[in-house]
Amino acid sequence: MHRQILQSGVDRTRIKPAAGGHAAACAPRLFSPARSHPTSRAGSCDKRSVATRSQPENQFDVDTGSAEQLPTELGPRLDDMLPDSLADAVSQAADATAAAINGGISRCQVEIHLPEFWDPISGPIFPNKGDQERFWRMTRRFVEALAQQTGASSVKAVYADAGISAMLTHHWGDKTFAVDSLNARRPVSPEDELVVICCPDPFAAEECQRTVRQVAEQDEAAGGVERPVVLFNQRLSSGDVGIGLNARRLRETFLKRFNVTYSLRPVGEVGTVFRRYPGLWMVFVEEPDLPGR
C-alpha cells in the first residue's frame, strides 16, 4: 500500500505491503458514478470482493448516507477513512472540527471540494438540476452538526452576500441557527458563540477578513477567550479574478491563522488529498486492480 504523508513541511513516502504481501495503492473510494464497481474480481493469487456502491443519485445527497458494506475479505485498509458519500463527508468534517474546537483551536477551515460541485479555478459549479440546493444544504448540515457537537447554543452562519442569506432564511424556516451576510454592517454580535463563514468568494475577501477581526475585537473587549470561527469551503482567491500576489498575501496574513481541520480534495481520476484533524495530510492514489479503491 502506497501513501504519501506530509507533515510540517516534511515529505516522506512509506510503502507498506497489503494483505497477502502485494503492494497496493490506496484510491479514493467515493463519489465516482462513472466508475463500475463489480462485486468480485479475480487476481493471479487470490480473489477479492469489492463492495457494491450506493446509487449515484444518493452519493451527492447531503441527507442520505452510503449503503456500502465494506467486504471483510479485504480487511482493514487505510482508504477506509475516506467518506462513502457527501453526507458522510459532512459528518466527518463536523466531527473533526468539533474535536479541534473542543481542544482549544479557535480558527478552523473545512474544505469539501468535490469535482461535481467544485472547479479548482472558478469554485462552485452547478451543472445539474438541484445542485445549488444540495450545495447550500451541505452548509446547513455542517453548521447544525457542528453546533450540536460543540454545545453552542447561539450559532451564526455568515454567507457571502445578502441575496444568498435572504434566500436561505426564507427557505429554511425551521433552521436552528441565525443567518447573515458578509456585506452587512455588523454580521456578528458578541452573543454569537460560534461563527461559520460559508463559502466566501474573492469578491467578499475583504469583508471576510473584516468579520473575523470583528469577532476578535469583540472578544478582546469582553476580556474572554476567543470564540471559534470556521471557514467552510472558502474561495478567497480565484483564477477568475487573478491570483499570485493577492493570494500569497491572503495566505501569509490571514489564512495561515486557520487550522485545516478537514480537507477532501479529489485530484481528477488520480486520487485524493485528505486530512482529518488530528491526523496527518495524506495522498491516496487510485489502485487500478480494484476499481473504486
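Description of the structure in this document. (Residues numbered from 1 in each chain as written. Predicted model: local features only at pLDDT ≥ 70, side-chain atom pairs only at ≥ 80, totals over all residues. Heavy atoms only, no water.)

1. Things to note about the overall build of the protein chain
When its secondary structure is counted, the protein chain shows 6 helices and 14 strands. Here the protein chain, with 293 residues, has 47% of them falling under the buried criterion. Pairs at least 24 apart in sequence give 65% of the contacts found in the protein chain among residues at least 6 apart. When the accessible surface of the protein chain is summed, it comes to about 14200 Å², and 51% of that surface belongs to carbon and sulfur atoms. (Helix = DSSP H or I, 4+ residues; strand = E, 2+ residues; numbered from the N terminus. Buried < 20%, exposed > 50% of the residue type's maximum accessible area, 1.4 Å probe, protein only. Contact = heavy atoms within 4.5 Å. Areas by Shrake-Rupley, 256 points an atom, 1.4 Å probe, with all protein chains shown as cover.)

2. Notes on the packing of aromatic side chains
Throughout the structure, instances matching the rule amount to 7 aromatic pairs. Site record: aromatic cluster; members linked through ring pairs are Phe135, Trp136 and Tyr159. (Phe/Tyr/Trp six-rings, centres within 6.5 Å; stacked < 30°, edge-to-face > 60°.)

3. Notes on the pattern of salt bridges
Taken as a whole and assessed by the stated rule, the structure comprises 10 salt bridges. Between arginine 141 and glutamate 144 there is a salt bridge, with its nearest N and O atoms 3.2 Å apart. Here arginine 141 and its partner glutamate 144 are both found in helix α3 (residues 131-150), 3 residues apart, which amounts to about one turn of the helix. Judged by relative accessible area, glutamate 144 falls into the partly exposed class, the value being 21%. (Salt bridge = Lys/Arg side-chain N within 4 Å of Asp/Glu carboxyl O.)

4. Focus on the nonpolar core
Among the nonpolar cores identified, the biggest contains 41 residues, and Ile112, Phe142, Tyr159, Val196, Val230 and Tyr262 are the most heavily contacted of them. Residues within four places of isoleucine 112 in sequence aside, it is in contact with Leu86, Ala89, Val90, Ala93, Met138, Phe232, Asn233, Tyr262 and Leu264. Listed in part, the 18 residues of the second largest apolar core include Val195, Ile197, Ala205 and Leu255. (Core = buried A, V, L, I, M, F, W, Y, C linked by side-chain atoms within 4.5 Å.)

5. Brief notes about the side chain of lysine 156
As for its placement among the helices and strands, lysine 156 is situated in strand β8 (residues 155-159). Look at lysine 156 and you get buried, because its relative accessible area is 9%. There is a polar contact of 3.2 Å between the side chain of lysine 156 and the side chain of aspartate 192. Not counting residues up to four positions away in its chain, the partners in contact with lysine 156 are Ala178, Val179, Asp180, Pro187, Val188, Ser189, Asp192, Leu194, Val195 and Val196. (Polar contact = N/O pair within 3.5 Å; in protein donor to acceptor, adjacent residues only side chain to side chain.)

6. What to know about the environment of alanine 178
Structurally, alanine 178 can be placed in strand β9 (residues 178-181). On the accessibility criterion, alanine 178 (32% relative accessible area) is partly exposed. Sequence separation between alanine 178 and serine 165 is 13 residues; the distance between their C-alpha atoms is 9.8 Å. Setting aside residues no more than four positions away along its own chain, alanine 178 makes contact with Val155, Lys156 and Ala157.

7. Side note on α3
Every α-helical turn comprises 3.6 residues, leaving residues that sit three or four positions apart pointing alike. A rise of 1.5 Å per residue sets the reference length of α3, with its 20 residues, at 28 Å; its end C-alpha atoms lie 29 Å apart and thus fit the reference within 8%. Among the residues of α3, those classed as buried are Asp131, Phe135, Trp136, Arg137, Met138, Thr139, Arg140, Phe142, Val143, Leu146 and Ala147. Once α3 ends, the next one or two residues include glycine 151, with phi positive near 80°. (Expected span 1.5 Å × (residues − 1).)

8. Some points on unusual backbone geometry
With the exception of glycine, most residues fall at negative phi, and the peptide bonds are largely trans. Backbone torsion omega between tyrosine 277 and proline 278 reads 5°, so that peptide bond is classified as cis. Mapped onto the elements of the fold, proline 278 is located in the loop between β13 (271-276) and β14 (281-285). The phi dihedral of asparagine 233 is positive, around 50°, even though this residue is not glycine. With respect to the helices and strands, the residue asparagine 233 is situated in the loop between β11 (229-232) and α6 (245-253). Exposure remark for asparagine 233: the relative accessible area of 1% places this residue in the buried category.

9. Comments concerning helix α5 (residues 205-222)
Over its 18 residues, α5 extends 26 Å from the first C-alpha to the last, a length consistent with the 26 Å expected when each residue adds 1.5 Å. Of the residues flanking the end of α5, it is glycine 223, one or two places downstream, whose phi is positive at about 70°.

10. Some details on the pairing of β13
Here strand β12 (residues 259-267) runs beside β13; their pairing, made up of 6 bridges, is antiparallel. Across the sheet, arginine 265 pairs through a bridge with valine 273, a residue of β13. Counting the residues that bridge the hairpin from β12 to β13 gives 3 residues, and of these glycine 268 lies at a positive phi of roughly 55°. Both β13 and β14 contribute to a ladder of 4 bridges, which runs antiparallel. Across the sheet, the residue bridging to threonine 272 is phenylalanine 284, located in β14. (Pairing = 2+ DSSP bridges.)

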